[in-house]
Amino acid sequence: MPDDLLVVTGGAGFIGSAVVRAAFAGGWRVRVLDSGRPDVHGRPPTQADLPDGVELVVGDVRDARTLDAVLAGATAVSHQAAKVGLGVDLQDAPDYAETNVTGTAQLVAAMARADVGRLVLASSMVVYGEGAYRRPSDGAAVRPAPRDEADLAAGRFDPRDPATGEELEPDVVTEDARLDPRSTYALTKLTQEHLAAVWARETGGRVAALRYHNVYGPGMPRDTPYAGVAAIFRSALEHGRAPRVFEDGAQRRDLVHVDDVARAGVAALAWTAHAPAGTSRAFNTGSGTVTTVLELATALSEALGGPPPEVTGAFRAGDVRHVTASSQRAAAELGWRAAVPVSEGLREFAVAPLRA
Ligand SMILES: NC(=O)c1ccc[n+]([C@@H]2O[C@H](COP(=O)([O-])OP(=O)(O)OC[C@H]3O[C@@H](n4cnc5c(N)ncnc54)[C@H](O)[C@@H]3O)[C@@H](O)[C@H]2O)c1
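On a predicted model such as this, the values are computed, not experimentally measured, just so you know.

Conventions adopted
Residues numbered from 1 in each chain as written. Predicted model: local features only at pLDDT ≥ 70, side-chain atom pairs only at ≥ 80, totals over all residues. Heavy atoms only, no water. Helix = DSSP H or I, 4+ residues; strand = E, 2+ residues; numbered from the N terminus. Buried < 20%, exposed > 50% of the residue type's maximum accessible area, 1.4 Å probe, protein only. Contact = heavy atoms within 4.5 Å. Core = buried A, V, L, I, M, F, W, Y, C linked by side-chain atoms within 4.5 Å. Near = heavy atom within 4 Å. Polar contact = N/O pair within 3.5 Å; in protein donor to acceptor, adjacent residues only side chain to side chain. Areas by Shrake-Rupley, 256 points an atom, 1.4 Å probe, with all protein chains shown as cover. Nonpolar A, V, L, I, M, F, W, Y, C, P; charged D, E, K, R; others polar. Expected span 1.5 Å × (residues − 1). Pairing = 2+ DSSP bridges. Axes fitted to C-alpha atoms, helices over the stretch in contact; angles between N-to-C directions. Left-handed = near helix turned anticlockwise from the far one by under 90°.

**Student:** Hey, could you run me through the side chain of E193 in this one?
**Tutor:** Note that E193 resides in helix 5 (residues 184–203). Judged by its relative accessible area of 10%, E193 is buried. Setting aside residues no more than four positions away along its own chain, E193 makes contact with L121, S123, V127, A209, R211 and A282.

**Student:** Can you walk me through the nonpolar core in this structure?
**Tutor:** Across soluble globular proteins, you tend to see nonpolar side chains buried next to one another. Among the nonpolar cores identified, the biggest contains 52 residues, and I15, V30, L210, V215, M220, L300 and L334 are the most heavily contacted of them. Ranked by residue count, the leading element in this core is helix 7 (residues 258–272), at 8 residues. Every residue in contact with L300, bar those within four places of it in the chain, is listed here: A230, F233, R234, L237, L346, F349 and A350. Grouped together as the second largest cluster of nonpolar side chains are 21 residues, L71, V108, V116 and L119 included.

**Student:** Help me understand the site of the ligand, please; the structure alone is not making it clear to me.
**Tutor:** The environment of the ligand is formed by 29 residues, the closest being I15, D34, H41, Y185 and K189. For the ligand, an oxygen atom lies 3.3 Å from a polar atom in the backbone of G13. One of the backbone nitrogen or oxygen atoms of S35 is found 3.1 Å away from a nitrogen atom of the ligand. If the ligand stood free it would expose 830 Å²; the protein chains cover 93% of that surface. Looking at the shell around the ligand, the elements with two or more residues in it are helix 1 (14–25), strand 5 (118–124) and helix 5. Here the shell around the ligand gets 3 residues from one element, more than from any other, and that element is strand 5. Partitioning the shell around the ligand into residue classes produces 12 nonpolar, 11 polar and 6 charged.

**Student:** Even after reading the chapter, I still don't get helix 7, so can you show me in this structure?
**Tutor:** Helical geometry note: an α-helix holds 3.6 residues per turn, so side chains three or four residues apart project in the same direction. The end-to-end C-alpha separation of helix 7 is 21 Å, in line with the 21 Å expected for 15 residues at 1.5 Å each. Most of helix 7 sits out of view: 11 of its 15 residues are buried. Among the residues making up helix 7, those that are buried are V258, D260, V261, A262, A264, G265, A267, A268, L269, W271 and T272.

**Student:** Sorry if this is basic, but what is going on with unusual backbone geometry here?
**Tutor:** The phi angle of most residues is negative, glycine excepted, and most peptide bonds adopt the trans form. Phi angles above zero are rare outside glycine, and D115 is one such case at about 60°. Residue position: D115 is located in the loop between helix 3 (93–114) and strand 5. Under the relative-accessibility criterion, D115 is labelled exposed at 69%. Even without being glycine, E247 reaches a positive phi, approximately 55°. The exposure class of E247 is buried, given its relative accessible area of 1%.

**Student:** Got a minute to help me understand the sheet that holds strand 3 (residues 55–58) in this structure?
**Tutor:** Two orientations exist for strands paired in a sheet by backbone hydrogen bonds: parallel and antiparallel. The strand order 3-2-1-4-5-9-14 describes an open sheet built from 7 strands, whose pairing is parallel. Of all the strands in the sheet, the pair left with one neighbour each is strand 3 and strand 14 (280–285). When strand polarity is set aside, the average angle formed by the axes of neighbouring strands in this sheet is 20°. When strand 4 (residues 76–79) meets strand 5, the two strands line up parallel, connected through 3 bridges. Paired with V77 across the bridge in strand 5 is L119. The strands that helix 2 (residues 64–71) touches are strand 1 (5–9), strand 2 (29–34), strand 3 and strand 4; relative to strand 2, the one it contacts most, it runs at about 170°.

**Student:** Got a minute to help me understand the packing of helix 6 (residues 229–238) against helix 8 (residues 293–304) in this structure?
**Tutor:** Geometry of a packed helix pair, given as the angle between the helix axes and the separation of the axes. For the pair helix 6 and helix 8, interaxial distance at closest approach is 10 Å and the crossing angle is 35°. Our pair here, helix 6 against helix 8, has a crossing hand that is right-handed. Across the interface between the two elements, V229, A230, F233, R234 and L237 of helix 6 pack against V293, L296, A297, L300, S301 and L304 of helix 8.

Written as structure tokens, this is what we have:
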């Protein structure tokens, strides 16, 4: 592995830059391909934004000629470039499709031309839609019915069993759960997984698709329609306002620190060296700790000495109630476990620099 060349697409982004640091520290030579999307970066990325010794190519993953140049001599690719977040409305759909689907199609086609056979793909928990649930009366695993507006308005937030109407209990989601992408973004993340799997089958390549859960940490983007809830709460507190928590605050999430995600990426790269040819495999990438949205808001309020969260009871019908991961597969097969305790990570995150 020493001196092997890793190409990190999106390597100037929040997670990509952490992957770059971790891979570089782990002995990879690293080349970044990033377009410096203007809605992500205030200014185009420069060499000075990257560790000394990491190469930067400012270019677009949708461009075949750029890819041919960037992939020359590469051993593996970590594909982080994407249009992220839930977007504003359906007018975002073409951009999601072009960036995430066409971008990945161009990438795997170029990897086939360049004979690069190892890929780690940044996938997402959004491919699951809702998390996993059990029926309290007999413990059976149940796919919940969509939540009913009348229930939500009455403060009954937990989804119900479509057969009995019973309120369900959340469970952890495993990689073989049914996939249910519910947004354009989610659909494009799942399509990326499928494209990568087709590439692996047709070329004898190997792909690890890391289904990141809620990634947080220094460098997270602040306050955009695409920002995560942790950054939104932090921004409110910085303006002296209480974080406003939807529903009853009991929504369960799996918060995973960006440095842990980056280490998972490096472990997955090692796995691609040994997995059988043609393999594509998904791995949940979560901390294994359940954090409710209210706990998250409270931890940030306390760390910043701000007003306590305000639980509003407001709701958005399409929101996911609970989704937390079992990351056992990554532990067993990649030898990776999250190392940053959520409580500690959130104290650090409360005061860490965010991306403007
Ligand atoms: N942040 C999360 O919580 C989270 C959760 C699940 C999955 N993911 C996935 O992780 C990956 C990284 O996300 P992030 O949060 O770091 O986002 P980010 O926006 O910070 O980083 C993405 C990077 O990709 C670059 N990029 C976008 N389109 C490009 C293109 N066409 N060509 C070249 N570069 C391009 C952007 O300039 C940016 O630097 C994405 O694939 C995302 O879907 C993120």
